[in-house]
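Report on the structure
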Amino acid sequence: MRYLVAVRHAQAVEPDTEGYRDLSRPLTARGRRLFGMAVRGLRDVLPHEDVAILTSPLVRAWQTAEILGEAWDVAPSRCEHLAPEGDLRGVLAEARAAGCATVFVVGTGRISTR
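This report concerns the structure included in the present document.

Thresholds applied
- By convention here, each chain's residues receive numbers from 1 onward along its written sequence.
- Owing to the predicted nature of the model, reporting of local features is limited to residues with pLDDT of at least 70; listing and counting of side-chain atom pairs is limited to 80 or more, with chain, interface and lining totals taken over all residues.
- Working from all heavy atoms in the structure, the side-chain values ignore hydrogens and water.
- Comment: elements are numbered from the N terminus, with helices defined as DSSP H or I runs of at least four residues and strands as E runs of at least two.
- The atom set for the radius of gyration is the C-alpha atoms, and the globule formula is 2.2 Å times the number of residues raised to the power 0.38.
- Buried means the residue's accessible area, taken with a 1.4 Å probe over protein chains only, is under 20% of the maximum for its type, while exposed means over 50%, and partly exposed covers the values in between.
- Every residue pair with non-hydrogen atoms within 4.5 Å of one another is taken to be in contact.
- For the area figures, the Shrake-Rupley method with a 1.4 Å probe applies, and any residue is considered shielded solely by the protein chains shown.
- At least two bridges found by DSSP between two strands is the condition for calling them paired.

**Side note on the overall build of the protein chain**
Helix and strand counts for the protein chain stand at 3 helices and 6 strands. Along the protein chain, helices (α) and strands (β) appear in the sequence β-α-β-α-β-β-α-β-β when read from the amino end. For 114 residues, the compact-globule estimate of 2.2 N^0.38 gives 13 Å, and the protein chain sits close to it at 14 Å. Overall, the C-alpha framework of the protein chain stretches about 40 × 35 × 20 Å when taken along its three principal axes. Residues classed as buried in the protein chain amount to 42% of the 114 residues present. When contacts within the protein chain are restricted to residue pairs at least 6 apart in sequence, long-range pairs at least 24 apart make up 71% of them. Here the protein chain displays about 6500 Å² of accessible surface, and carbon together with sulfur accounts for 51% of that area.

See below:
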């Protein structure tokens, strides 16, 4: 693995939004648009081939990974170690196992280093 790119999910609906549990909060239209712009910038500086995308199972992380996947033409893979309170060692093991030069890991920002 040459690049390991950690990505926090794009802007999602607020945690207290009625009708959404934390685990099922989707991205906002603004979040999708802004992250799409950021992805175009990433495409300018990162390799376009030999890419894997690992993502948390949370809706907002999965939707963020799908935007990355469209840009790199790669389907995201679910990584349970990226779930809230996940395990960094497990994430790194799955990233190495992907066997790609560039691995994106998309999550919520809460991973245990224990």
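Once you've had a look at it, read on.
**Topic: the pairing of strand β5 (residues 102-107)**
The two faces of the sheet receive side chains in turn, since in a regular strand these alternate between them. The element β5 is extensively covered by neighbouring structure, given that 6 of its 6 residues are classed as buried. The two faces of β5 match: Thr102, Phe104 and Val106 on one face and Val103, Val105 and Gly107 on the other face are all buried. Where strand β1 (residues 3-8) meets β5, 6 bridges bridge the pair, whose relative direction is parallel. Looking at β5, one finds that Leu4 is bridged to Val103. The sheet contact formed by strand β2 (residues 51-55) and β5 spans 5 bridges and is parallel. In the sheet register, Ala52 faces β5, and the bridge partner there is Val103.

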